[in-house]
Amino acid sequence: IAYSHTYQRSSFLLFFCTFALFLLFLSVWPRLGTANTHLKLFNEQLYELIYDGRLPILMVTDLEMIKAIMVKECYSTFTNRRETNAGLAGPFADGITVVKDERWKRIRSSLSPYFTSGRLKEIFPIAVTHADRFIKNMQKRDHEQPVKVKEVVAPYSLDVVTSSSFSVDIDSINNADDPFVTNVKKFFKFSLFSPLILILTLFPSVANLLGKMGISLFSRSSVDFFYNVLRKIKDEHNKESNGRVDFLKLMIQNQIPDEKFEDTSDQPVKGLTDHEILSQSFVFILGGYETTSTTLTYLLYNLATNPDCLEKLVVEIDTNFPSDTPITYDALMKMDYLEMAINESMRLLPTAPRLERVCKKTVELNGVTIPKDTLVGIPTYVLCHDPQLWESPDEFRPERFSPESKSEMNQYGFMPFGLGPRNCIGMRFAQMIMKLLVLKLLQNFSMETCKETQIPLELNAIFQPKVPITLKFIPRSCKAKE
Ligand code: HEM
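Residues numbered from 1 in each chain as written. Predicted model: local features only at pLDDT ≥ 70, side-chain atom pairs only at ≥ 80, totals over all residues. Heavy atoms only, no water.

Visitor: Please clarify how the overall build of the protein chain should be interpreted in this entry.
Guide: For the protein chain, the count of helices and strands is 20 helices and nine strands. Counting over 482 residues, the protein chain shows a buried share of 49%. Long-range pairs, those at least 24 residues apart, make up 73% of the contacts in the protein chain between residues at least 6 apart in sequence. In the structure as shown, the protein chain presents an accessible area of about 23400 Å², 56% of it carried by carbon and sulfur atoms. (Helix = DSSP H or I, 4+ residues; strand = E, 2+ residues; numbered from the N terminus. Buried < 20%, exposed > 50% of the residue type's maximum accessible area, 1.4 Å probe, protein only. Contact = heavy atoms within 4.5 Å. Areas by Shrake-Rupley, 256 points an atom, 1.4 Å probe, with all protein chains shown as cover.)

Rendered as structure tokens:
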């Protein structure tokens, strides 16, 4: 009888807690910052307070305020992103995206030299090798079958990022089951409804406790896998030189002793500790892989669903690169329509729908007082769809970004790579590898929608397509015969 009482009491307690959680969730759900709530909230206002679960965020749409936050006051007031609990961030805690103030400045200035146009030119032949491999793989496919676009472009992004960063050729285009590839994928299996995300949304203050309990947002086994692989690669780099310059080598050349990594204002100007080197390598793989492949997928979708724009791009490609013309970095960067199409696709479907900065001290911007510690959000998706900034904002019109029209555009309404000193460090690298892939693809294939293509595209609450983007790719040689 005693056992049955205890059992009933604990069942009741469990039921009560689940019910209370459910009610709490219902109460915050309408306040979650999804695309639609954003769009409804901003009607000619400079700012609006919204909630990520229970965490308040000051969403700013005033372009003057945005300029101050992202650029003018970046170093003095808006240097950092939201506080990430060190325990929950796991080994990412010293990654460039997370670190703050002086430590961020040191890491950023140590990594920036990797992304000069001189370095990109050095990396370019590596990207060409992987783009050729991608084309060969596409040619082997049954061309009657529709293709899930992200599944084929993602391995290309991963291969270029890993080989240019570490001189390691994982060839995920041909080895989808390679542990490196499967572990990267595991990282992005992120669900808004995962128990951990729910708990953090409802009770942001428990992050510290979870961190101390050793609970991390990321799969431990994948984290361990990557750190082991990166450690091995780093040790190999220390031992021998194959003459190739890569990102890891650059970091190793600037390695500093471990004791210098504390979060103090007294930081060396440059250099990374051993663990920081591993973390930045990790950030590069993850940052480069997901963003680039998503952006490419959206671009191909937008082109396929706007055949007149696709046609213009094909004409530009055929004019500038008739068959057998070698592709050079400089010539690729001069492809105006390609650049316009990429920009327009990133406007229509920005990969990062929102940017964030924490306000370090109370400031007044454009007559609005922002108190210290306020989390400020810049809703890039909303800005990119604002009819006051863009005519017919839901239409794909690359001409908006033509050299003539671009001068009239307000740059604070278009920030697919962020803006100011803390913008995307890999922007030019990403643009290079995306341009190269589209060029090679359209040189070799015609692209079409098919019955599996969802038109119009629907996004879920975390801005991802509800249905995988699917298209048909037919070799141009076959098309010419028809
Ligand atoms: C199309 C591809 C990409 C897109 C759309 C993209 C977008 C972004 C955005 C929106 C941010 C935040 C900027 C801000 O807060 O102002 C960011 C930051 C960052 N991105 Fe990218 N990114 C892309 C590719 C890459 C690649 C290829 C790399 C590395 C190889 C990379 C590395 C980073 C890093 C390290 C940061 C943090 C910078 C810092 O905190 O100082 N990204 N990216």
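Visitor: I would appreciate a short explanation of the pairing of strand β1 (residues 47–52) in the present structure.
Guide: The side chains of a regular strand alternate, first on one face of the sheet and then on the other. The alternating pattern of β1 places E48, I50 and D52 on a buried face, while none of Y47, L49 and Y51, on the opposite face, is buried. Bridge count between β1 and strand β2 (residues 55–60): six bridges; the pairing is antiparallel. Across the sheet, the residue bridging to E48 is M59, located in β2. In this antiparallel pair of consecutive strands, β1 and β2, the connection spans two residues, and G53 shows a positive phi of 65°. (Pairing = 2+ DSSP bridges.)

Visitor: It is not clear to me how the pattern of salt bridges should be interpreted in this structure. Could you clarify?
Guide: Side chains that carry opposite charge are capable of pairing whenever their charged atoms lie near each other. Summed over the entire model, instances satisfying the criterion amount to 24 salt bridges. With its nearest N and O atoms 2.8 Å apart, the salt bridge here joins K360 to D101. Separated by 259 residues along the polypeptide, K360 in the loop between β4 (355–358) and β5 (363–365) and D101 in helix α5 (residues 101–111) bring together distant segments of the chain. Classification of K360 as partly exposed rests on a relative accessible area of 27%. (Salt bridge = Lys/Arg side-chain N within 4 Å of Asp/Glu carboxyl O.)

Visitor: Please explain empty space enclosed by the protein as it appears in this structure.
Guide: Gaps left between atoms show up when a probe the size of a water molecule is rolled over them. Within this structure, the stated rule accounts for one cavity of 30 Å³ or more. Looking at the largest cavity, the residues that line it are M138, R141, D142, H143, Q145, V147, F445 and F473. Of the residues belonging to the lining of the largest cavity, the class tally is four nonpolar, two polar and two charged. (1 Å grid on protein atoms, 1.4 Å probe; cavity = no way out; pocket = protein on both sides within 12 Å on 5 of 7 lines; lining within 4 Å. Points joined across faces, edges and corners; volume = space filled by probe spheres on them. Nonpolar A, V, L, I, M, F, W, Y, C, P; charged D, E, K, R; others polar.)

Visitor: Sorry if this is basic, but what is going on with the site of the ligand here?
Guide: In the vicinity of the ligand lie 30 residues, with R81, W104, R108, R357 and C424 positioned nearest. Residue R108 places a side-chain N or O atom 2.8 Å away from an oxygen atom belonging to the ligand. Side-chain polar atom of R422 to an oxygen atom of the ligand: 2.9 Å apart, as the coordinates give it. At the level of secondary structure, the elements contributing two or more residues to the shell around the ligand comprise α5, α13 (274–304), β4 and α19 (427–444). It is α13 that contributes the most residues to the shell around the ligand, seven residues altogether. Looking at the shell around the ligand, its residues break down into 16 nonpolar, ten polar and four charged. (Near = heavy atom within 4 Å. Polar contact = N/O pair within 3.5 Å; in protein donor to acceptor, adjacent residues only side chain to side chain.)

Visitor: Please clarify how the coordination of the iron atom of the ligand should be interpreted in this entry.
Guide: A metal bound by six donors in octahedral fashion has ideal angles of 90 or 180 degrees, whereas one bound by four tetrahedral donors has an ideal angle of 109.5 degrees. Among all protein atoms, only C424 (SG) binds the iron atom of the ligand, sitting 2.3 Å from it. Tracing the chain through its elements places C424 in the loop between α18 (403–406) and α19. (Donors = N, O, S within 2.8 Å, 3.2 Å for Na, K, Ca; no water.)

Visitor: Whenever I open this one, the sheet that holds β2 confuses me. Can you help?
Guide: Consider a sheet: its strands pair through backbone hydrogen bonds, and that pairing is either parallel or antiparallel. The strand order β1-β2-β7-β4 describes an open sheet built from four strands, whose pairing is mixed. Each edge of the sheet is formed by a strand with only one pairing partner; in this case those strands are β1 and β4. The mean inter-strand angle of the sheet, taken between neighbouring strand axes irrespective of direction, is 35°. Across two bridges, β2 lies against strand β7 (residues 375–378) in parallel orientation. Across the sheet, M59 pairs through a bridge with G377, a residue of β7. On top of the sheet, helix α3 (residues 63–72) reaches β2, β4 and β7; it is set at about 115° to β7, its chief contact. (Axes fitted to C-alpha atoms, helices over the stretch in contact; angles between N-to-C directions.)

Visitor: Help me understand the nonpolar core in this model?
Guide: Within soluble globular proteins, side chains that are nonpolar tend to cluster in buried spots. In this structure, F134, Y156 and F473 are the most contacted members of the largest nonpolar core, which totals 100 residues. Counting residues per element, this core draws most heavily on α13, which supplies 15 residues. Sequence-distant contacts of F134, defined by excluding residues within four places in its chain, comprise V152, V153, Y156, I173, L437 and L441. (Core = buried A, V, L, I, M, F, W, Y, C linked by side-chain atoms within 4.5 Å.)

Visitor: How should I be thinking about the sheet that holds strand β8 (residues 445–448) in this particular structure?
Guide: Here three strands make up an open sheet; going across it, the order is β3-β9-β8 and the pairing antiparallel. The open sheet has two edge strands, β3 (147–148) and β8, and neither has a second partner. In terms of strand pairing, β8 meets strand β9 (residues 470–475) through four bridges, oriented antiparallel. Within β9, the residue paired with S446 across the bridge is I474.

Visitor: What exactly am I supposed to notice about unusual backbone geometry here?
Guide: Negative phi is the rule for most residues except glycine; trans is the rule for most peptide bonds. Backbone torsion omega between I455 and P456 reads -5°, so that peptide bond is classified as cis. As for its position among the elements, P456 is in the loop between β8 and β9. The residue D171 is not glycine, and still its phi comes out positive at about 45°. Structurally, the position occupied by D171 is in the loop between α7 (149–166) and α8 (179–187). Of the residues examined, D171 reaches a relative accessible area of 16% and is grouped as buried. Of note in this structure, S392 is not a glycine but carries a positive phi near 40°. Considering the arrangement of structural elements, one finds S392 in the loop between α17 (380–384) and α18.

Visitor: Hey, could you run me through the UniProt feature "binding site: heme" (unreviewed entry) in the protein chain in this one?
Guide: UniProt records the feature "binding site: heme" (unreviewed entry) at C424, using the numbering of this structure. Those residues in contact with C424 that lie beyond four places of it in its chain are R108 and F417. (UniProt positions renumbered as here; feature names shortened; annotations may be inferred.)

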